[in-house]
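Report on the structure
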Amino acid sequence: MKRFLFLLLTVITLSASAQTEAPVLKFGFLSYDAVLQSMADYAAVETSMAQLQEQYAAEQKRVEDEFNKKYEEFLDGQRDFPQTILQKRQSELQELLDKNIAFKKEGQRLLAEAREKAMQPLKARLADALASVGSSRGLAFIVNTDQNALPWMNINMGEDVTEAVQEALK
């Protein structure tokens with residue numbers, strides 16, 4: 001009898017829980033890049049990065065000009081150079097070319113690193129705003145729609161939170 005009552009109670013509980021509706025899952029969506037670019041500090045970061053890039057470009061041009069000048073001098077004098085001087089100059093040119101290539105690669109790496117470091121505070125503020133908007137609106141998650149990461153979604157089941165996040169950033 002106890003077993004029957006336990007089984008009956010279990011069946012009633014399971015059927016009651018099956019009849020209750022599952023909670024509706026709400027999500028938000030936005031263009032992360034558009035929101036990031038709308039931030040007030042974004043323009044200052046871009047200006048700073050453009051100036052830094054100009055400095056690297058100017059230095060790259062200077063070393064290219066230096067290489068071209070030495071190469072022209074080499075071409076002008078190569079007929080008159082003894083073999084050992086010719087080899088030495090070729091070696092110097094190759095070394096200079098290798099250094100220029102290494103500088104260019106290092107400059108690109110340093111620019112990318114500087115950009116990431118400059119964007120960290122903006123991305124942190126944006127992450128805080130996303131968390132605040134998501135929590136206050138009862139969203140399960142917020143989807144980034146940039147770069148066709150989400151080729152289709154039913155917008156009736158979600159909410160465009162772009163303006164809310166931009167407002168939270170002010």
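Residues numbered from 1 in each chain as written. Predicted model: local features only at pLDDT ≥ 70, side-chain atom pairs only at ≥ 80, totals over all residues. Heavy atoms only, no water.

1. Structural notes on the packing of aromatic side chains
Enumeration according to the criterion identifies five aromatic pairs in this entry. Pairing Phe27 with Phe29 gives two aromatic rings, centres 6.3 Å apart and planes at 45°, and the pair type is tilted. Each member of the pair, Phe27 as well as Phe29, carries the same accessibility label: buried. Centre to centre, the rings of Tyr71 and Phe74 are 6.5 Å apart; their planes meet at 25°, and the pair counts as stacked. On the criterion of helical spacing, the pair formed by Tyr71 and Phe74 is a turn pair, its members being three residues apart in helix H3 (residues 40-77). Taking relative accessible area as the criterion, Tyr71 reaches 37% and is therefore assigned partly exposed. Judged by relative accessible area, which is 6%, Phe74 ranks as buried. Among the aromatic residues, ring-to-ring pairing joins Phe27, Phe29 and Phe141 into one connected group. (Phe/Tyr/Trp six-rings, centres within 6.5 Å; stacked < 30°, edge-to-face > 60°. Buried < 20%, exposed > 50% of the residue type's maximum accessible area, 1.4 Å probe, protein only. Helix = DSSP H or I, 4+ residues; strand = E, 2+ residues; numbered from the N terminus.)

2. Focus: the nonpolar core
Counting 19 residues, the largest nonpolar core has Leu36, Met39, Leu122, Leu126, Val165 and Leu169 as its most contacted members. Of all elements in the fold, only helix H2 (32-38), H3, helix H4 (83-136) and helix H5 (162-169) reach the threshold of two or more residues within this core. Per element, the largest residue contribution to this core is seven residues, and it comes from H4. Apart from the residues lying within four places of it in its own chain, the contact partners of Leu36 are Tyr42, Met119, Leu122, Lys123 and Leu126. (Core = buried A, V, L, I, M, F, W, Y, C linked by side-chain atoms within 4.5 Å. Contact = heavy atoms within 4.5 Å.)

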